[in-house]
Amino acid sequence: MVESEIAERIAARRAELDELEEQLAKQLAEVRAERDELAVAERVWHRMAEQLTAETAAAAPAAAQVAGHAMLLVPHRGPGVGEDALPPEYQRILTIVRDAGGAVATRQVGEVLGLEVAVRGKLEPLRGKLSKLAGRGWLRKLPDGRFTARL
C-alpha cells in the first residue's frame, strides 16, 4: 500500500511539473515574441529619428559664419533689417517682383533674370529663393503660387 501511495504522489507531482513546464514554455514564447517586437520598434524609432534629424537639418535656415557668429544668409524681415541685409541676388529678385506692380509667376521673374524658362529645372532654384523670401517676410506667396511684394 505504501508503494502505490508513493507512486501516486510521484505521478501527481510529475503532472503538476508537466503543467508548470507547459505554462512556463508558453510564457517564455510570449516574452520572446514581445522582445522581438521591441527590437523592431527600436529599429523603426532609430530610423525615424535619423530621418527627422536629417529633415530638421535640411529645413534649418542657411547660416554663414561672419566674424565667428552665425548669420542667416536671408534674414527675416523686421524692424531695423533693410533690404541691404539680403544677398545681392535676393535683392535683385525682390526688385523684380516689386517693379512688376502686381503678382508675378516664377517664370516671369526667370525671364527678367535671363534664365532658360522653357527648362523647368532651371526655374526650381529660383522658385526656392522666392519661397524663402516669402517665408522670411520679404514677399507674399499667393495660393496660386505667384508672388507679390509686401508693402
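That block above? That's the structure.
Here's a quick rundown of the structure. (Residues numbered from 1 in each chain as written. Predicted model: local features only at pLDDT ≥ 70, side-chain atom pairs only at ≥ 80, totals over all residues. Heavy atoms only, no water.)

1. With respect to the environment of Leu130
In plain terms, the rule: Secondary structure elements are defined from DSSP: runs of H or I of at least 4 residues count as helices, runs of E of at least 2 residues count as strands, and each element is numbered from the N terminus. When a residue's accessible area, from a 1.4 Å probe over protein chains only, is under 20% of the maximum for its type it is buried; when over 50% it is exposed; and in between it is partly exposed. Contacts: residue pairs with any heavy atoms within 4.5 Å of one another.
Within the element layout of this structure, Leu130 appears in helix 4 (residues 120-135). Look at Leu130 and you get buried, because its relative accessible area is 0%. Distance in space between the C-alpha atoms of Leu130 and Thr106 is 7.7 Å, their sequence separation being 24 residues. Sequence-distant contacts of Leu130, that is, excluding residues within four places in its chain, are made with Ile93, Val97, Thr106, Val109, Leu139 and Phe147.

2. Some thoughts on a negative patch on the surface
Quick note on the threshold: Patch members must show over 30% relative accessible area and no salt bridge, and they are joined within 9 Å when carrying like charges or within 5 Å when they are nonpolar side chains of Val, Leu, Ile, Met, Phe, Trp or Tyr. Residue burial considers only the protein chains on display, and all accessible areas are found by Shrake-Rupley using a 1.4 Å probe. Whenever a carboxyl oxygen of Asp or Glu lies within 4 Å of a side-chain nitrogen of Lys or Arg, that contact is scored as a salt bridge. Charged-residue counts in this description rest on Lys and Arg as positive and Asp and Glu as negative, His and the chain ends being excluded. For charged residues, the charge sits on one atom: NZ in Lys, CZ in Arg, CG in Asp, CD in Glu.
Judged by side-chain charge, Asp18, Glu19, Glu21 and Glu22 come together as a negatively charged surface patch. Within the secondary structure, Glu21 sits in helix 1 (residues 2-59). By relative accessible area, which is 53% here, Glu21 ends up exposed.

3. Topic: the pattern of salt bridges
What the rule picks out here adds up to 6 salt bridges. We note a salt bridge from Arg13 to Glu16, for which the minimum N-O separation is 2.9 Å. On the criterion of helical spacing, the pair formed by Arg13 and Glu16 is a turn pair, its members being 3 residues apart in helix 1. Given the relative accessible area of 45%, Arg13 is considered partly exposed. Here Lys129 and Glu89 are joined by a salt bridge, their closest N and O atoms 2.3 Å apart. Here Glu89 lies in helix 2 (residues 88-100) and Lys129 lies in helix 4, a separation of 40 residues in the sequence. Since its relative accessible area comes to 45%, Glu89 is described here as partly exposed.

4. As for the packing of helix 2 against helix 4
The line we're drawing: An axis is simply a line fitted to the C-alpha atoms; with a helix, the fit covers only the stretch in contact. Between two such axes, the angle follows the N-to-C directions and lies from 0 to 180 degrees. The scheme is simple: roughly parallel for angles under 35 degrees, roughly antiparallel for over 145, roughly perpendicular for 65 to 115, oblique for anything else. Amino acids outside the nonpolar list (Ala, Val, Leu, Ile, Met, Phe, Trp, Tyr, Cys, Pro) and the charged list (Asp, Glu, Lys, Arg) are all regarded as polar, and Gly is one of them.
At a minimum axis distance of 11 Å, the contact between helix 2 and helix 4 shows a crossing angle of 80°. Between helix 2 and helix 4, the angle falls in the class roughly perpendicular. In this structure, helix 2 uses Glu89, Tyr90, Ile93 and Val97 to contact helix 4, whose residues at the interface are Leu126, Lys129, Leu130, Lys132 and Leu133. For the contact of helix 2 with helix 4, a count of residues per class yields 6 nonpolar, no polar and 3 charged.

5. Concerning the side chain of Thr148
Relative to the helices and strands, Thr148 resides in strand 4 (residues 147-149). Assessed through its relative accessible area of 12%, Thr148 is described here as buried. Not counting residues up to four positions away in its chain, the partners in contact with Thr148 are Val97, Gly102, Ala103, Leu139, Arg140 and Leu142.

6. Examining helix 2
Our working definition: Given a helix with a known number of residues, its expected span is that number minus one, times 1.5 Å.
The terminal C-alpha atoms of helix 2, which comprises 13 residues, lie 19 Å apart, in line with the 18 Å expected from a rise of 1.5 Å per residue. Looking at the packing, one finds that the buried side of helix 2 touches helix 3 (106-113), helix 4, strand 3 (139-141) and strand 4. Gly101 lies just past helix 2 and shows a positive phi near 75°.

7. As for a nonpolar patch on the surface
On the surface, a cluster of nonpolar side chains totalling about 290 Å² of accessible area is made up of Val2, Ile6 and Ile10. Mapped onto the secondary structure, Ile10 falls in helix 1.

8. A word on helix 3
We count it as follows: For this quantity, the arc is that covered by the directions from the helix axis to the C-beta atoms.
Those residues of helix 3 lying buried are Thr106, Val109 and Gly110. For helix 3, the angular spread of the buried residues around the axis is 100°, confining them to a single face. In the core, the buried residues of helix 3 are packed alongside helix 2, helix 4 and strand 4.

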